[in-house]
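Results of the structural survey
What follows is the residue order along each chain.
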Amino acid sequence: MTTDHDTTVIARTVARVVFPIIVVTAIALLLQGHNLPGGGFIAGTLTAAAVGLVYVIYGLDHLEQELLGRPPSVPFTDEAGITREYGSLVTTGLALAAGGGAVAILFGDAFLTQAVWFFEHVPVYGEFEVASALAFDLGVYAVVVGALLTILAVVGAE
Amino acid sequence: MQPTAGIILAVVALPFLGAAAVPLLYRVIGERTAYFAAAVAAACFALIATQFGAEGAISVRWIPALDVSLSLYVDGLALLIGFLASGVGVLIFTYSGGYMHNEPGKPRYYATLLAFMGAMLGIAFAADLIALFVFWELTSVASFILIGHYRDESGQYAARKSMFVTVSGGLFMLIGFLLLHWVALDVASVESAFRLAGEGSMLASADAMQTALREQGLLVPVLLLIGIGAAAKSAQVPLHIWLPDAMEAPTPVSAFLHSATMVKAGVYLVGRMRPLLVTDEWVLLFALLGLVTMTITAMLAVTASDIKELLAYSTASHLGLIVAGYGIASSADAHIGLLGAETGAFHVLNHALFKATLFLVAGIIAHEAGTRAIEELGGLSDDLPLTAGITVVAALGMAGVPPFNGFYSKEFLFDATYELAAHDGGLWWLLPVVAVFGSIFTFLYSIRFLMLFFGEKPEELGHVHEPPWSMRGPPLLLAVGAGIVGLGGITATAGFHLPIEEFVGRIVESSLPAGEEAHFSYHIPTTLSPPVLMSGVTVAVGAVAYPFYDGIRDGLRAVRDLGPLRPNWYYNGATALMDTNEIGPQIHNGLLRTYALWFLGGTSALALAGYVAATVSIPTFSGLTVTIPLGIVLVVAIIGAAAVTGAPSHVAGVLTLSILGFMVAIFYILADAPDLALTQLVIETLVLVIFLLVIDKLPAFYGGSKRWMLVRDGAASLAVGTTVMVTVLLSTARTPGVPSYLDHSLKSFFIERAPPPPEHGSFIIDSGGGHNIVNVILVDFRAFDTLGEISVVAMAALSIVTLIAMQQRGEI
């Protein structure tokens, strides 16, 4: 898992090409989720799958070494390891989902009441819809990505 | 005056927000986080002060569909606990700034302490049984973390013990609450069956509730259950054993949680429930419990060899006094009940003032003299003159010597027990006797504590330095408070009444039946009456016995060390039994398959039993036609499932299992559910990856199974399958809570409400506004469920990290 000797050039090239496509697809799924197939959960799992692909093909430390340009951190021994960062992603997501729900209370509605705004005559788009549920969905996305990647990282490091 | 909703909400929310900010703030301002926390506490104190004199309930809708709302209630008792939690909080945080100077784990310490303060304020103002319970358990959790602050062996033992006793006590209380709720459902004048205080609540119709409880035969069970909860929290005999061990916590924590506030939650509950449940059974239970606790723990305090241990037992003893006070009432004579309530209410205040002071003094001694052993201390007044002065006021208050503050509340107790005995006669005469007997020991240990500062100074002690002002100021302020209460009695004798009397009167009224007024007043007695005589006997016998203190102590120690009389005898015996019995290793034997079996089997059994108990009938379903593609998918899925059982290795098994998963995904596509299909596909892939990652860690456990194992596993699989199928059938068939005009159909409700209506403005809130019904269900209609689910996901990640981290550190 942590070695990158036994993956073929084909696999590594395909991973390089496919990774951004998957991530863009995931983001598209996240944003269109309210009206078309998609949503925070699917987008989150897809993103995690993309990073999982990098883990499988290039090894665990590649992400930190090559992409973030810092020495790889063994999980839990380091204060600022990558699992910490995944962990704060989870925290942020939970706070976003719950906090967004709590905003409704300030307006006198029940917890987690969601609203939708429609903007007419937006260039290119015509009618444009913004749902407060998107904030909630973003929270779901962050939690799912953070949690799955944490699991992948620590289980992979084992 | 009605309370202001925003202010009371802010009081409860501020400490939690502060706690959340501590970890970040600590990186910036370091040690000074103590003063930030003190500022938060001061803000809460100021906000509560603006509500002084208010009475009434406020309510914020939380989940109206389930009739859940956050209701808070303000009255005298709530304000008292609120003032104690925030006011003592200010002093404790300031003191911590000096005391915790070189200690580890400060961000955790301050965050937990702040969260504790929020939970305590929540208990004080909660008007709803569920909210009360949640805050109640939160204080137990905070206490657990703080007792285990130093993470050593004894600290862990103490933390576990306190968690075990107080949390399980809380669970008894929860059952009591649920019984109350169940009875309240049938009482017409109770509008919201979880509401404890305020309009349309249980307390507002206490008489009807009491009649209903008696008719259902639930009065005694509810009393006992709530009594256990209160006794566990307030360290009443025989559940007092956790409190002395809790002294493992840093001293400011002991002063805050284990004397001034958290242990007061139990007596607060007794005081709060008093108008609702006060009956003859109530008197029998709480008057006895309180007096027995007061006496036994006062004797244990005399046996103590450590100053914090002495204070811990003494705290339990004084809480016993408060419980006894609240316990005393009489259906025939309202005056006795009034005296009882006055004892409880006044002593909550007095005890917080003198005991928190003494704990802080103990902290100073431990910090500066380097020892807490009573034997090694003495003559400290030369080096610590100010601290000695503080201790004189506080310790004499604790001893009940006039004119210090504890004297007055003890007078009320003596008066109440005497009146009750004079009224009912017979065995009730034991109450005043026990009260005096226990008070003698209180006098003894109080004087012993005071004598740490006088008499001869041991050679080894050396010169003791004065602590910094951040450690001297808080106990000084508290002692001044205690002194003022004491002075109030003198001025009242002269005819000038301090406003404290008005305030305590309001606290007393919280524990009296609705409509009764308390004109509270206290003063130095000027005529000889039975209670005065009782106080006189206490002080005189105490003074005569004090020279023989060491002999008395050794005698009590000898009795204490006799087998079953040892305070921890039953706790250590029970926990040892749990460690050594035969059942444990059967259930958790370290094999994953055993855990899975117990877990799945237990869940299925509970769920199926629930269905049987509710006598549900499995709904019929029709309209299912199997097309050819669908048929092929299902057949392949079944073949895949069957093939898993025969797979020769783990890898092959996992790969075969994924056939099943992908077939389910195709099934979703055929059923026009692209969202589900997408999710299923991605999850299947991820699961495959994770499986392959862990698979080489598993033993090659294939083949060679015995017949009974196969039968057992087959039965378990069947049970799980049945449970899942029945659950799916039942949960998709009926929709509780959907109005009948929607045809009781979940489907049509979602189809109608999810997309934006054809005619709509630029802002809509009452429908989902999205065409993807699945997503709208997840993020809008059922957002609360989703919130729960992502919490579970986060929790799962957390536990995996913890497990693997523990394994790497070699703990498991």
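Not measured: the values here are computed from a predicted model.

Considerations on the overall build of chain A
Scanning chain A from terminus to terminus reveals 5 helices and 2 strands. Along its sequence from the N terminus, chain A presents helices and strands in the succession α-α-α-α-β-β-α. Counting only residues that meet the buried cut, chain A has 44% of its 158 residues in that class. Put simply, of all contacts in chain A between residues at least 6 apart along the chain, 57% involve residues at least 24 apart. By element, 68% of the accessible surface of chain A is carried by carbon and sulfur atoms, the whole surface being about 7700 Å².

Concerning the packing of helix H13 (residues 307-327) of chain B against helix H17 (residues 430-450) of chain B
Residue and element names in this part refer to chain B. Closest axis-to-axis distance for the H13/H17 pair is 11 Å, and the angle between their directions is 150 degrees. Judged on the interaxial angle alone, H17 and H13 are roughly antiparallel. Once H13 is placed against H17, the crossing between them reads as left-handed. Within the contact between the two elements, H13 uses Ile307, Leu310, Leu311, Ser314, Ser317 and His318 and H17 uses Thr442, Tyr445 and Phe449.

Observations concerning the interface of chain A and chain B
A common way to express how large an interface is: the accessible area buried when the components associate. Counting from both sides, the interface comprises 51 residues of chain A and, opposite them, 48 residues of chain B. For the pair chain A and chain B, the two sides together bury roughly 4300 Å², of which 75% comes from carbon and sulfur. Our count for the chain A to chain B interface comes out at 0 salt bridges. Mapped onto the side of chain A that touches chain B, the elements with two or more residues apiece are helix H2 (40-58), helix H4 (82-106), strand S1 (116-122), strand S2 (126-131) and helix H5 (133-157) of chain A. Of the residues forming the side of chain A that touches chain B, the biggest block, 13 residues, is contributed by H5(A). Considered class by class, the residues forming the side of chain A that touches chain B number 34 nonpolar, 12 polar and 5 charged. Pairing geometry for S1(A) and strand S3 (residues 763-764) of chain B, over 2 bridges, is antiparallel.

Overview of the nonpolar core
Counting 203 residues, the largest nonpolar core has B:Phe125, B:Leu180, B:Met273 and B:Leu277 as its most contacted members. Broken down by element, the residue count for this core peaks at 20 residues, all from helix H14 (residues 334-369) of chain B. With residues up to four places along the chain from it excluded, the contact list for B:Met273 reads B:Leu129, B:Phe177, B:Leu180, B:Leu196, B:Ile226 and B:Trp282. Counting residues in hydrophobic clusters, the runner-up holds 49 residues, among them A:Ala48, A:Ile82, A:Val143 and A:Leu148.

Section: the confidence of the model for chain A
Confidence in the prediction for chain A averages 79 pLDDT; 84% of positions are at 70 or higher. By mean pLDDT, the top-scoring element of chain A is helix H1 (residues 9-32) of chain A (89), and the lowest-scoring one is helix H3 (residues 62-67) of chain A (69).

A closer look at the pattern of salt bridges
All names here are of chain B. Summed over the entire model, instances satisfying the criterion amount to 14 salt bridges over all chains. Note that Arg214 and Glu281 form a salt bridge whose closest N and O atoms lie 3.1 Å from each other. Pair noted here: Arg214 is in helix H7 (residues 206-216) and Glu281 is in helix H12 (residues 280-303), with a separation of 67 residues, a long-range link. Between Arg472 and Glu466 there is a salt bridge, with its nearest N and O atoms 3.4 Å apart. Residue Glu466 is classed as partly exposed on the basis of its relative accessible area, which comes to 28%. Here the residues in one salt-bridge network are Glu375, Asp550, Arg553 and Asp554, joined through shared partners.

Looking at a nonpolar patch on the surface
Residues and elements named next belong to chain A. A contiguous nonpolar patch, built from Ile27, Leu31, Leu96, Leu134 and Leu138 and spanning about 400 Å² of accessible area, is present on the exposed surface. If you list the elements that add at least two residues to the nonpolar patch, you get H1 and H5. The topology assignment puts Leu96 in helix H4. Overall, the relative accessible area of 36% leaves Leu96 in the partly exposed class.

Describing the confidence of the model for chain B
Averaged over every residue, the pLDDT of chain B is 85; residues scoring 70 or more account for 94%. Within the model, the stretch residues 738-743 of chain B combines pLDDT values under 50 with 7 contacts to residues more than four positions away or in other chains.

Observations regarding helix H19 (residues 499-510) of chain B
Think of an α-helix as turning once every 3.6 residues; residues three or four places apart then point the same way. In this model H19(B) runs 18 Å from its N-terminal to its C-terminal C-alpha over 12 residues, within 8% of the 16 Å that 1.5 Å per residue would give. Every buried residue of H19(B) is listed here: B:Ile500, B:Glu501, B:Phe503, B:Val504, B:Gly505, B:Arg506, B:Ile507, B:Val508 and B:Ser510.

What to know about the side chain of B:Arg448
Residues and elements named next belong to chain B. With respect to the secondary-structure elements, Arg448 resides in helix H17. Buried charge without a salt bridge: Arg448, with Glu375 as the nearest opposite-charge side chain at an N-O distance of 5.0 Å. Ignoring sequence-local partners within four residues, the contact set of Arg448 consists of Ile374, Tyr546 and Tyr549.

So, the environment of B:Phe346
All names here are of chain B. Tracing the backbone through its elements, the reader meets Phe346 in helix H14. Classification of Phe346 as buried rests on a relative accessible area of 0%. Residues Phe346 and Pro756, 410 residues apart in the sequence, show an inter-C-alpha distance of 61 Å. Among all residues touching Phe346, those that are not within four sequence positions of it are Tyr408, Ser409, Phe412, Val485, Val504, Phe520 and Tyr522.

As for the side chain of B:Lys410
Residues and elements named next belong to chain B. Take Lys410: it is sitting in helix H16 (residues 405-424). Of the buried charged residues, Lys410 lacks a salt bridge, with Glu411 as the closest side chain of opposite charge at 9.5 Å. Each residue touching Lys410, except ones within four places of it in the same chain, is listed here: Leu321, Met398, Ala399, Ser439 and Thr442.

Cut-offs and rules
Residues numbered from 1 in each chain as written. Chains lettered and ligands numbered in written order. Predicted model: local features only at pLDDT ≥ 70, side-chain atom pairs only at ≥ 80, totals over all residues. Heavy atoms only, no water. Helix = DSSP H or I, 4+ residues; strand = E, 2+ residues; numbered from the N terminus. Buried < 20%, exposed > 50% of the residue type's maximum accessible area, 1.4 Å probe, protein only. Contact = heavy atoms within 4.5 Å. Areas by Shrake-Rupley, 256 points an atom, 1.4 Å probe, with all protein chains shown as cover. Axes fitted to C-alpha atoms, helices over the stretch in contact; angles between N-to-C directions. Parallel < 35°, antiparallel > 145°, perpendicular 65-115°, else oblique. Left-handed = near helix turned anticlockwise from the far one by under 90°. Buried area = accessible area lost by both parts, 1.4 Å probe. Salt bridge = Lys/Arg side-chain N within 4 Å of Asp/Glu carboxyl O. Nonpolar A, V, L, I, M, F, W, Y, C, P; charged D, E, K, R; others polar. Pairing = 2+ DSSP bridges. Core = buried A, V, L, I, M, F, W, Y, C linked by side-chain atoms within 4.5 Å. pLDDT = per-residue confidence, 0-100. Patch = residues over 30% accessible without salt bridge, like charges linked within 9 Å, V, L, I, M, F, W, Y side chains within 5 Å. Expected span 1.5 Å × (residues − 1). Lys, Arg positive; Asp, Glu negative; His and termini not counted.

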